[in-house]
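# Residue-level structural notes
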Amino acid sequence: MLAWSDLTGRRLPGGGPLAALAARVTPAGARVLLAGPHDPELVDRLAHADVTCLLRSWPDGSALAEDRPVRVVVGGPGGLPADETFDVVIVAAGLDAVESVEGTPVGWDGLLHRLAAVLAPGGTLLLRLDNPVGLTRMVDTAPWYAGRDDADWAVGGALDAGRPANLEQARERLAGAGLRPGGCFAAYPEPAAPTALVDVGALAGRPGSGLLDAVLHGACAPGRADRPVLQDPARLAVDALHAGLGAALAPGWLVLAHRPAPAASAVGDPPNPAGTAPGAAPPAPAGPGGLPVLWVQTGPPGIGVVEVTAAADGWRWRVPGPVAAATDAPFATRAAAWRDPAVLTGAVPQGRLLRTVLLDACLRRDLAALRRLLRGYAAWLDAHADDAGRLTGATALASLDNVVLADGGACTARDVTGAAPAFAVLDPSWRASDPWPVDVTLARGLWRFAAALATGGYAHPWSSTLDVAGLTVVLAGTAGRDLDRATVTAAVDAEVAVTAALRGLDNADRVALADELRAVEPTAPPTGLDSHQQLREAWLRQKAELTRVTALLRWTEELLTSRERALRRAEATINLLSGSLSYRVGRLAITPARLAKRGARAAKRRAKDALAPRRDEQEQQ
């Protein structure tokens, strides 16, 4: 394709967690085939292997060959050498991006069989599949079947019987191509550029995990802020997780498959092809298939990928060596928060996310559970404060979406035994640069929750006329604390500083963020989200508020009208009485009495003045 480029208007796969997964399944010195367009970062991560890039675009191949010392083959699947095999085949762009119009179309199954044929015995295939009924298509404003761009010469979906529509069908197609399906990871929030890869077994086995709740919400919350959506993808992802559909409704999947080796054909599981690149960290305790159960990338660009592995005692944090080496000094930039990946070495706290439990209690109007949980949260913060009442480190940033109800305490809002809930910080790597007062940390966490309640349209037990600051004060009262609006304002300023540090914002973006957060109102949609559903809910709240204000104005107008009428009647009565004969006679009778009273007062004052010197003389004697 001499005049075609896959780089125009597309996000190439290959960075972040996807690059970490590809590097993990690629042994040192292995022959790797990158089929389709990929991000150059992925080529750099595979520097310990012999990489061949298969492209269908001549301009893309020429540019890649000039920038990277790799072998490039241009021509689509027809350009593959018939007598060459590869240890690892990576198709992170999907099979659709491999097929070229220069030649006879072979279809999805034909491409799969062609790539499986060049996979060496014992080799590994990493294949990306887009979910035709995933969250991406469910929240898109444009229907999936309406694509008319140049790249959409063939629009695939659930109606296309020539390609798999779910994971079970994908495994059947892989088995039909002579491959043995292995592990599978759900990709969030976009199949092409995921920031979180979660093992599908973990999604099905732990639907109430606070870690998965926070990861999916954090991955999907900022993922579509640049374009409108039908509804909030973060809320939908969390609901799918708790319903056990986190894998079924994932935007896409990354499937691993293996070609059985002749010597291992009778073995139940395929050999682990994962190798260790030169200079990389040693292998960690792994989950199913010898791989971590979670890869997640948070914070500003370049912060690195964090892994979660499965061990005998539960899930554990793990940070690869390159991430720890790239971490800046804590106070290099004087940001409000900084990250210390070195602390992510212990067990992941198990339990439900505190934000989710509180939302459930609000929807059920369970004031007893809200009071117990919020007071426990406030007491937990007090227990970690120093003698001056200040919090440091990760506890200072322990908002409701980074705290879990540990398994050792009451883990559900329905618990009425009175047991004190046990809390734990989920991700302790983010730390405050300076100590924070306990009230500011508490107010920040409650303000974030109040803003989500008010702008998200959630039903809650309190008055709908409260603004976000007022609702924060009410929540603090429920927690047994008396916070004023000045403390809430300081908490909002702290939220601006922390968010700027987490996102790596410059001064201009930080000022814009501050203006946006300070202007949050219950009648407005959530910040950073252009959702039709949320906009409609905000419109309904504005309509209700306008109805209330209109009724109040009508009542005030009726009250003023009635008072004005009464005043006019009183003035008419006074005018009528002032012109009558009895009023005039009474006034003539009262006038002498007023003059006499005035004269008596004057005589009394003169007498006091005359007797004052004599009184002073007597006192001196």
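Above this note sits the structure.
Residues numbered from 1 in each chain as written. Predicted model: local features only at pLDDT ≥ 70, side-chain atom pairs only at ≥ 80, totals over all residues. Heavy atoms only, no water.

## Focus on the overall build of the protein chain
Counting its regular elements, the protein chain contains 18 helices and 17 strands. The buried share of the protein chain, reckoned over its 621 residues, is 44%. When contacts within the protein chain are restricted to residue pairs at least 6 apart in sequence, long-range pairs at least 24 apart make up 71% of them. As displayed, the protein chain offers around 30100 Å² of accessible surface, 55% of which is attributable to carbon and sulfur atoms. (Helix = DSSP H or I, 4+ residues; strand = E, 2+ residues; numbered from the N terminus. Buried < 20%, exposed > 50% of the residue type's maximum accessible area, 1.4 Å probe, protein only. Contact = heavy atoms within 4.5 Å. Areas by Shrake-Rupley, 256 points an atom, 1.4 Å probe, with all protein chains shown as cover.)

## Some remarks on the side chain of serine 429
Tracing the backbone shows serine 429 in the loop between strand 16 (423-425) and strand 17 (430-437). Among the polar contacts made by the side chain of serine 429, one reaches the side chain of arginine 339 at a distance of 3.0 Å. At a separation of 2.7 Å, a polar atom in the side chain of serine 429 contacts the side chain of aspartate 427. When residues no more than four places from it in sequence are discounted, the contact partners of serine 429 are Trp338, Arg339, Asp340, Pro341, Val343 and Leu344. (Polar contact = N/O pair within 3.5 Å; in protein donor to acceptor, adjacent residues only side chain to side chain.)

## Re the nonpolar core
Formed by 69 residues in total, the largest nonpolar core has its most connected members in Val89, Val91, Leu125, Leu127, Tyr188, Leu211 and Trp253. With seven residues, the single largest contributor to this core is helix 8 (residues 210-220). Apart from residues no more than four positions distant in its own chain, leucine 127 is found in contact with Val91, Leu95, Trp108, Leu112, Leu174, Trp253, Leu254 and Val255. Core analysis: the next-biggest nonpolar cluster, separate from the first, contains 58 residues, Trp436, Val440, Leu442 and Ala479 among them. (Core = buried A, V, L, I, M, F, W, Y, C linked by side-chain atoms within 4.5 Å.)

## Observations regarding the pairing of strand 2 (residues 50-55)
Strand 2 sits mainly inside the fold: five of its six residues count as buried. Strand direction decides the pairing type here: strand 1 (residues 31-35) and strand 2, joined by five bridges, are parallel. Looking at strand 2, one finds that arginine 31 is bridged to aspartate 50. Regarding the hand of the β-α-β motif, the stretch spanning strand 1, helix 2 (residues 40-45) and strand 2 is right-handed. Relative to strand 3 (residues 71-74), strand 2 runs parallel, the two being bridged by four bridges. Following the sheet pairing, threonine 52 is matched in strand 3 by arginine 71. Taken together, strand 2, helix 3 (residues 58-67) and strand 3 constitute a β-α-β crossover, and its handedness is right-handed. (Pairing = 2+ DSSP bridges. Right-handed = clockwise from strand over helix to strand, strands pointing away.)

## Here we look at the environment of aspartate 434
Examined against the element boundaries, aspartate 434 turns out to sit in strand 17. Overall, aspartate 434 belongs to the partly exposed group, its relative accessible area being 40%. Between the alpha carbons of aspartate 434 and glycine 393 there is a distance of 8.2 Å; along the sequence they are 41 residues apart.

## Notes on a nonpolar patch on the surface
A contiguous nonpolar patch, built from Trp144, Tyr145 and Leu159 and spanning about 400 Å² of accessible area, is present on the exposed surface. With respect to the helices and strands, the residue tyrosine 145 is situated in the loop between helix 5 (135-139) and helix 6 (167-176). (Patch = residues over 30% accessible without salt bridge, like charges linked within 9 Å, V, L, I, M, F, W, Y side chains within 5 Å. Salt bridge = Lys/Arg side-chain N within 4 Å of Asp/Glu carboxyl O.)

## What about the pattern of salt bridges?
Scanning the entire structure with this criterion turns up 22 salt bridges. Of the charged contacts in the structure, one is a salt bridge between aspartate 239 and arginine 235, with a shortest N-O distance of 3.1 Å. Here aspartate 239 pairs with arginine 235, and both are found in helix 9 (residues 233-242), just four residues apart, close to one helical turn. Residue arginine 235 is classed as partly exposed on the basis of its relative accessible area of 21%. The salt bridge partner of arginine 364 is aspartate 366, with a shortest N-O separation of 3.3 Å. Here arginine 364 falls in the partly exposed class, since its relative accessible area comes to 28%. A relative accessible area of 18% places aspartate 366 in the buried class. Where salt bridges share partners, they join Asp401, Arg444, Arg448 and Glu495 into one cluster.

## Description of a positive patch on the surface
Where like charges cluster on the molecular surface, the positive patch consists of Arg587, Arg594, Lys597, Arg598, Arg601, Arg605 and Arg606. Inspection of the secondary structure puts arginine 601 in helix 18 (residues 581-620). (Lys, Arg positive; Asp, Glu negative; His and termini not counted. Charge placed at Lys NZ, Arg CZ, Asp CG, Glu CD.)

## Here we look at the sheet that holds strand 5 (residues 119-130)
Reading across from one edge, 3-2-1-4-5-8-6-7-9-10-11 is the order of the eleven strands in this open sheet, with mixed pairing throughout. Of all the strands in the sheet, just strand 3 and strand 11 (314-318) have a single pairing partner and so form its edges. Each strand axis lies, on average, 20 degrees off the axis of its neighbour in the sheet, ignoring direction. Looking at chain direction, strand 7 (residues 196-199) and strand 9 (residues 294-296) are connected through three bridges and run antiparallel. (Axes fitted to C-alpha atoms, helices over the stretch in contact; angles between N-to-C directions.)

Without other data, these values stay purely geometric and don't point to any function.
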